[in-house]
Amino acid sequence: MLCLNLKPLHSVRFRPHSFLVKPQSLRSSSTSLRLSTSASASMSTSSSSTIEHFVLFKLRPSTDPSKVDTMISSLRALSSLPSVSHLSAGPILRLRSAAASELAFTHLLHSRYESKEKLSEYANDPAHVKVVKECVLPIADDVMAVDWVAEGVAPGPIAPGSAIRLTFAKLKEGSDATELTSALASAKDDAGATLVSYGENFSPARAKGYSFGLLAAFPKVDDLEKLTGGHVEAIKEKVKPILESVIVLDFVVSEPPPSSAHL
């Protein structure tokens, strides 16, 4: 099913303002908690590829719902920045693994870029910095980010309303990521997804040790409940010995903001 929820299922449903979390101290500076990395390495232009950027947020359960709405609308408005190819932000639909439930993230941002340089432009754009400082940091207990290069995937938008199964994998010490990559490549055609994107994380500082990311997109939420059986289950068993932990969760791609939206 192109997700690596190898631990017992923990399904947690969230409403936009229902946060089952324990407050933690978040003392890092606004620079260290920017929602993307200032990557400077250039990408090869010999084949189609895209930069996938994911940020998970754990918001304080006592947060005023109006501040949550402001954070979400402000993040979505960043889709108008010239560096951004796609941006979706909103509440997480379900937490599907033990590690995901333990970390208890409540919201998610996903954005895509044509290159690492474009991601860096986004990270340093004054509009982005302002949203982080004024709308995210004051209400967030924890933030996690993972970035990868998806080879063979064009950096275009994902249709609003699409259902996404997102998996982050933490490999056991000494394990070879090429084994995981090979296994995912062999399962890609069996997923039934409209889009599959995966790769090694190139921004380890805020990834909590998770070194691999996988996105599988489907037309609607009901499709996520059909991801079982067959060859994909065999692939899961094959890679299980090399994995220490997995975060698995679902979310729905948000509608784009009105064209007049701005920060």
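Just so you know, these numbers come straight off a predicted model, no measurement behind them.

Peer 1: Could you give an account of the pairing of strand β7 (residues 163-171), with specific residues and numbers?
Peer 2: Here β7 lies mainly inside the structure; 9 of its 9 residues are buried. Here β7 shows no split at all, with A163, R165, T167, A169 and L171 on one side and I164, L166, F168 and K170 on the other all buried. Where β7 meets strand β10 (residues 243-252), 9 bridges bridge the pair, whose relative direction is antiparallel. In the sheet register, T167 faces β10, and the bridge partner there is V248.

Peer 1: Please give an account of helix α3 (residues 116-124) that cites residues and values.
Peer 2: Within α3, burial applies to K116, L119, S120, Y122 and A123. On an axial view of α3, the arc spanned by its buried residues comes to 160°, and they lie on one face. In the core, the buried residues of α3 are packed alongside β2 (49-59), β3 (86-91), β5 (107-113), α4 (126-136) and β6 (140-151).

Peer 1: How would you sum up the environment of R94? Please name residues and give values.
Peer 2: Locating R94 in the fold gives a position in strand β4 (residues 94-95). R94 sits 12 residues away from T106 along the chain, and the two C-alpha atoms are 9.2 Å apart.

Peer 1: Talk me through the nonpolar core; I want residue IDs and the actual numbers.
Peer 2: Side chains of a nonpolar character, in soluble globular proteins, are inclined to be buried together. Residues F168, I247 and L249 are the most contacted members of the largest nonpolar core, which totals 27 residues. Listing elements by their share of this core, those giving two or more residues are β2, α2 (98-103), β6, β7, β9 (212-218) and β10. A total of 4 residues in this core trace back to one element, the largest contributor, which is β6. Setting aside its immediate chain neighbours within four residues, L249 contacts L56, I92, R94, L95, R96, L108, I164, R165 and L166. By size, the runner-up hydrophobic cluster in this structure holds 25 residues, among which are V55, L59, Y122 and V131.

Peer 1: Go over the environment of L93 with me, naming the residues and quoting the values.
Peer 2: Within the secondary structure layout, L93 lies in the loop between β3 and β4. In this structure the C-alpha to C-alpha distance between L93 and R165, which are 72 residues apart in sequence, comes to 10.0 Å.

Peer 1: Would you mind going over the packing of α3 against α4 in detail, with residue names and values included?
Peer 2: Where α3 contacts α4, the two axes come as close as 5 Å, and the packing angle between them is 55°. Classified by the angle their axes make, α3 and α4 are oblique. Taking contact as the criterion, the partners of Y122, A123 and N124 in α3 are, on α4, P126, H128 and V129.

Peer 1: Tell me about the side chain of H86, and please be specific about residues and values.
Peer 2: Tracing the sequence through the fold places H86 in strand β3. Under the relative-accessibility criterion, H86 is labelled buried at 6%. A polar contact of 3.3 Å, which involves the side chain of H86, links it to the backbone nitrogen of I158. Apart from the residues lying within four places of it in its own chain, the contact partners of H86 are H110, S111, R112, G156, P157, I158 and V253.

Thresholds, definitions, all that
- All residue numbers refer to positions counted from 1 along the written sequence of the respective chain.
- Local features in this predicted model are restricted to residues whose pLDDT is 70 or higher, and side-chain atom pairs enter the listing and the counts only when it is 80 or higher, whereas totals over whole chains, interfaces and linings include all residues.
- No hydrogens and no water enter the side-chain calculation; it runs on all heavy atoms of the structure.
- Type-normalised accessible area, obtained with a 1.4 Å probe on protein chains alone, sets the label of each residue: buried when under 20%, exposed when over 50%, and partly exposed for intermediate values.
- For helices the rule is a DSSP run of H or I covering at least 4 residues; for strands it is a run of E covering at least 2, with both sets numbered from the N terminus onward.
- When DSSP locates at least two bridges between a pair of strands, those strands are taken to pair.
- What the arc covers is the set of directions going from the helix axis to the C-beta atoms.
- Contact definition: two residues touch when any of their heavy atoms are within 4.5 Å.
- Buried residues of nine kinds, namely Ala, Val, Leu, Ile, Met, Phe, Trp, Tyr and Cys, make up a nonpolar core once their side-chain atoms join them within 4.5 Å.
- Here, axes are lines fitted to C-alpha atoms. For helices the fit covers the stretch in contact, and angles between N-to-C directions go from 0 to 180 degrees.
- For classification, angles of less than 35 degrees are called roughly parallel, those exceeding 145 degrees roughly antiparallel, those between 65 and 115 degrees roughly perpendicular, and all remaining angles oblique.
- Think of a polar contact as two N or O atoms within 3.5 Å of one another; within protein, one of them needs to be a possible hydrogen donor and the other a possible acceptor, and neighboring residues in sequence only count if both atoms come from side chains.

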